[in-house]
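A closer look at the structure
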Amino acid sequence: PPALPGKPSPARPLLLRSPTPPRAAMAGGGDHPGANKRKREAAGRPKAPSKGAGPGDAAKRKKTYDAPAAKPKPQPVTAKDKRVAAKEMSESRKMKRKPNYNLEKELAVLWEKMRCRDVNKENRSKLVTEALRKMDGKYFEIAGSHVTARVLQTCVKWCSQPERDAVFVALQPHLLHLSRKKYAVFLVKKLIKLATKKQLALFISSLHGHVASLLRHTIGAAVVDCAFHQATPPQKRSLLLELYSTELQLFKDLTEQKSCSLLETISKLGLQKSSVLQYMTTVIQPLLEKGIVEYSIVHTVILEYLTIADKTSASDVIRQLIPHLTQGSSVVDGDELSGVAEVPTKSKAKKKRSSEPLLIRIMQTREGLKIGLACLKHGSAKDRKKIIKSLKGQNMKLALGDYGCLFLACLLSIVDDTKLVTKVVIDELTKQLKELIFDKNGRRPLLQLLHPLCSRYLTPTDLICLKYSVPSLVSKDEASESATKVNLDSKLDDVADKEPGGSEDTLVASDSKKDPFKRRQELLVKSELFEVLIETCIENVGELLRTNFGKDVLYEVAVGGKNNVLEGVTDRIHVLHNAIASDAERPRTEDVEHAFDNYHSSRVIRKMILDCPAFAATLWKKALKGKCKSFADGFSSKVVAAYLESSDSKVKDLAKSEVQPLIDGGILKIPDHKAAEKK
């Protein structure tokens with residue numbers, strides 16, 4: 001290189017080397033051959049040919065350094081060859097990725113055999129034992145796979161108790177970890193359901209300190225709820241109390257108490273209400289944000305929170321709950337993972353289940369019912385409208401459920417927008433009215449319209465549930481009144497059984513303005529529900545009279561409902577009276593039990609005679625006049641004696657001339673309570 005200005009150029013040392021031809025030196029472009037090679041490799045240029053070498057010599061030299069060329073694999077030509085090649089490539093990749101791939105294939109073959117329905121008990125036991133032997137020592141790795149998790153779950157279901165105990169012991173240290181896994185969660189739930197008392201106690205004790213974190217997990221929440229359902233009352237208390245306060249989560253001894261109510265816990269342990277409220281807010285808020293509101297333990301915690309929450313906090317919780325209840329559930333389904341391969345019908349069923357609003361799915365427990373009633377009563381009119389619209393196409397499923405029917409009964413009693421209720425609820429129920437009338441639960445929404453909150457049709461527990469309200473969201477007068485009603489429920493029920501009217505309470509929403517009687521008339525008469533109801537009763541009058549549940553609807557329609565709510569359609573009710581009298585007019589035969597001789601029909605006809613003078617007159621003219629002596633014994637005697645028990649003087653006068661001689665002659669006996677009144 002040229003010398004810098006002002007500095008002498010450094011002297012180069014003399015190197016003794018063999019003379020290089022000028023042409024070769026120009027081709028190399030450097031002083032050392034190795035440097036030229038490195039420059040070429042860095043630039044990515046091909047290797048320079050050596051001196052005096054021709055193209056043929058270069059090819060020969062290249063063959064000596066290159067590895068022997070592998071024989072090219074035959075390329076797949078046909079579609080079958082391509083499928084085989086793709087399968088081989090997939091198999092090789094799976095073997096590299098999964099260390100237990102060969103074991104998985106063997107277990108899948110055994111699983112296909114053991115899950116068949118036509119396998120006898122001995123062969124299935126052998127297959128299960130063989131599968132467990134292959135999985136021994138690898139339970140934890142196997143539980144995480146979507147294929148082998150199903151195999152292990154099936155084995156746990158059908159294996160013997162010692163084999164199940166061995167699986168539980170092997171997986172016990174890892175159960176909390178597996179509870180958060182997408183596929184292993186179903187195995188954990190199966191182990192909990194089939195666990196012995198000792199194993200269940202061990203698992204619940206291992207949950208201490210992790211209940212809140214697992215509940216916040218969309219997958220782990222299902223495990224906590226499963227354990228909550230299987231637990232004994234003391235174990236349930238230990239799970240719940242951990243969600244009330246930090247102290248109860250840290251110190252296990254504090255959770256061992258008899259009281260389960262949050263208010264009792266605060267008073268006994270001397271906890272500060274504000275700190276408990278703050279801690280429970282941190283527990284509940286993530287559940288509401290993630291939509292984990294499907295489980296019974298979550299319902300219980302929210303209901304306990306509402307007992308101590310102020311008005312603002314309670315309203316905020318209800319406001320956040322309603323969007324989740326009116327949309328499909330996003331949490332993992334509580335059912336176990338199906339072992340049968342999916343078919344189109346099952347996929348349709350899964351889509352249908354996931355499209356159901358969460359409100360339908362939580363109506364499996366009493367706590368879920370209370371959550372729904374709280375949202376319905378204390379939500380705004382817009383919230384109630386949203387809830388009603390979400391029930392479209394689901395009303396029959398609600399009406400036939402143990403708790404869903406009570407939710408529908410409350411909805412029909414407090415919603416002022418009767419047009420929307422008629423369009424969404426009444427019209428759907430009308431299409432399957434016969435099924436509702438004969439069903440134990442399905443008849444309750446209809447009876448609520450005809451005779452609200454009657455203790456003859458609702459148990460004391462059901463009545464308390466229907467009257468549930470959040471303490472901070474009701475006025476002091478309403479709260480004290482509801483407390484008084486709860487305390488007197490048993491007395492009211494005893495009186496209602498004796499009196500025809502029953503309980504006279506009504507359900508009221510927080511901002512309801514419409515008169516309850518007017519609401520009932522609009523839903524029954526203006527919606528034309530009464531037309532279909534009376535027509536169904538006339539067509540099935542004989543069957544309704546003789547069934548335990550159908551007779552109640554028939555009675556309420558025949559007497560016109562409470563406070564004569566069907567007053568404007570008396571002509572149609574008279575047609576029903578004639579239909580009942582025509583059935584009773586038929587002569588006694590061996591094929592069909594007579595209406596007066598049947599246990600259910602004799603009692604409901606007696607009640608109609610006592611409560612409806614118009615029906616009593618029709619029945620006397622068509623079925624009883626001149627025939628009282630033949631009906632003076634057995635169940636039919638109650639029907640004949642009812643004419644003298646009636647409080648209406650005209651009804652008494654109809655039968656007195658024919659019935660009184662039967663009593664005087666000792667042929668007909670008056671019931672004991674009537675004889676006592678005469679004395």
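Residues numbered from 1 in each chain as written. Predicted model: local features only at pLDDT ≥ 70, side-chain atom pairs only at ≥ 80, totals over all residues. Heavy atoms only, no water.

Where an unreviewed UniProt entry is consulted, the protein chain appears under the name PUM-HD domain-containing protein, with the organism given as Aegilops tauschii subsp. strangulata.

1. Some words on the overall build of the protein chain
Within the protein chain, the regular secondary structure consists of 42 helices and zero strands. Relative to its full complement of 679 residues, the protein chain shows a buried share of 44%. Across the protein chain, contacts joining residues at least 24 apart in sequence account for 71% of those joining residues at least 6 apart. Summing over all exposed atoms, the protein chain offers an accessible surface of approximately 37,300 Å²; the carbon and sulfur share of this is 54%. (Helix = DSSP H or I, 4+ residues; strand = E, 2+ residues; numbered from the N terminus. Buried < 20%, exposed > 50% of the residue type's maximum accessible area, 1.4 Å probe, protein only. Contact = heavy atoms within 4.5 Å. Areas by Shrake-Rupley, 256 points an atom, 1.4 Å probe, with all protein chains shown as cover.)

2. Brief notes about the side chain of Thr-154
Tracing the sequence through the fold places Thr-154 in helix H8 (residues 148-158). For Thr-154, the contacting residues outside a window of four places in its chain are Trp-111 and Met-114.

3. Observations regarding unusual backbone geometry
Of note in this structure, Leu-453 is not a glycine but carries a positive phi near 50°. Mapped onto the elements, Leu-453 comes out in the loop between helix H29 (443-450) and helix H30 (460-466). Note on Leu-453: relative accessible area 0%, which makes it buried. Although it is not a glycine, Asn-563 adopts a positive phi angle of roughly 60°. Checked against the element boundaries, Asn-563 lands in the loop between helix H36 (550-558) and helix H37 (570-585). We classify Asn-563 as exposed; its relative accessible area is 54%.

4. Quick word on empty space enclosed by the protein
Within this structure, the stated rule accounts for three cavities of 30 Å³ or more. In this structure, the largest cavity occupies an estimated 80 Å³ of space. Lining the largest cavity are ten residues, and of these Ser-413, Gln-448, Pro-452, Pro-516 and Arg-520 lie nearest its centre. Secondary-structure elements contributing two or more residues to the lining of the largest cavity are helix H26 (404-414), H29 and helix H33 (516-526). No other element matches H33, which puts three residues into the lining of the largest cavity. (1 Å grid on protein atoms, 1.4 Å probe; cavity = no way out; pocket = protein on both sides within 12 Å on 5 of 7 lines; lining within 4 Å. Points joined across faces, edges and corners; volume = space filled by probe spheres on them.)

5. Observations concerning the side chain of Thr-430
For Thr-430, the position within the fold is in helix H27 (residues 418-431). When sequence neighbours within four positions are dropped, the list of residues in contact with Thr-430 reads Leu-529 and Val-532.

6. Overview of H33
Three or more residues of H33 are buried, namely Arg-519, Arg-520, Glu-522, Leu-523 and Leu-524. Summarising the contacts, the buried residues of H33 are in contact with H26, H27, H29 and helix H34 (529-539). Positive phi shows up at Glu-528, right after H33, with a value of about 65°.

7. Here we look at a positive patch on the surface
Taken together, the side chains of Lys-382, Lys-385, Lys-389, Lys-392 and Lys-423 define a basic patch exposed on the protein surface. Among the elements that line the positive patch, the one with the most residues is helix H24 (residues 381-390), at three residues. Checked against the element boundaries, Lys-423 lands in helix H27. (Patch = residues over 30% accessible without salt bridge, like charges linked within 9 Å, V, L, I, M, F, W, Y side chains within 5 Å. Salt bridge = Lys/Arg side-chain N within 4 Å of Asp/Glu carboxyl O. Lys, Arg positive; Asp, Glu negative; His and termini not counted. Charge placed at Lys NZ, Arg CZ, Asp CG, Glu CD.)

8. Observations concerning the packing of helix H38 (residues 599-611) against helix H39 (residues 613-624)
For the pair H38 and H39, interaxial distance at closest approach is 5 Å and the crossing angle is 120°. Comparing the axis directions of H38 and H39 gives the class oblique. When the axes of H38 and H39 are compared, the crossing they make is left-handed. Residues Ile-605, Met-608, Ile-609 and Asp-611 of H38 touch H39, and the partners they reach there are Pro-613, Phe-615, Ala-616 and Leu-619. Counted by class, the contact of H38 with H39 contains seven nonpolar, no polar and one charged residues. (Axes fitted to C-alpha atoms, helices over the stretch in contact; angles between N-to-C directions. Parallel < 35°, antiparallel > 145°, perpendicular 65-115°, else oblique. Left-handed = near helix turned anticlockwise from the far one by under 90°. Nonpolar A, V, L, I, M, F, W, Y, C, P; charged D, E, K, R; others polar.)

9. Regarding the packing of aromatic side chains
All told, the structure shown has three aromatic pairs when counted by the stated rule. Seen in terms of ring centroids, Phe-596 and Phe-631 are 5.0 Å apart; in terms of plane orientation they differ by 85°. Their pairing is edge-to-face. Here Phe-596, found in the loop between H37 and H38, pairs with Phe-631, found in the loop between H39 and helix H40 (636-645); they are 35 residues apart in sequence, far enough to count as distant. Residue Phe-596 is classed as buried on the basis of its relative accessible area, which comes to 0%. Given a relative accessible area of 6%, Phe-631 falls into the buried group. When the ring centre of Trp-111 is taken as reference, the NZ or CZ atom of Arg-115 above it lies at 4.6 Å. Across from the ring centre of Tyr-555, 4.4 Å away, lies the NZ or CZ of Lys-607, which sits over that ring. (Phe/Tyr/Trp six-rings, centres within 6.5 Å; stacked < 30°, edge-to-face > 60°. Lys NZ or Arg CZ within 6 Å of the ring centre and 35° of its normal.)

10. Concerning the UniProt feature "repeat: Pumilio" (unreviewed entry) in the protein chain
Using the residue numbers shown here, the UniProt feature "repeat: Pumilio" (unreviewed entry) corresponds to residues 170-205. Helix makes up 69% of residues 170-205 and strand 0%, and the two end C-alpha atoms of the span are 17 Å apart. (UniProt positions renumbered as here; feature names shortened; annotations may be inferred.)

11. As for the packing of H26 against H29
Interaxial distance between H26 and H29 falls to 8 Å at its minimum, and their mutual angle equals 25°. With respect to H29, the element H26 is oriented roughly parallel. Crossing hand, H26 versus H29: right-handed. Across from Cys-405, Leu-406, Leu-408, Ala-409, Leu-412 and Ser-413 in H26, the residues of H29 making contact are Arg-444, Pro-445, Gln-448 and Leu-449. Taken together, the residues that form the contact of H26 with H29 break down as seven nonpolar, two polar and one charged.

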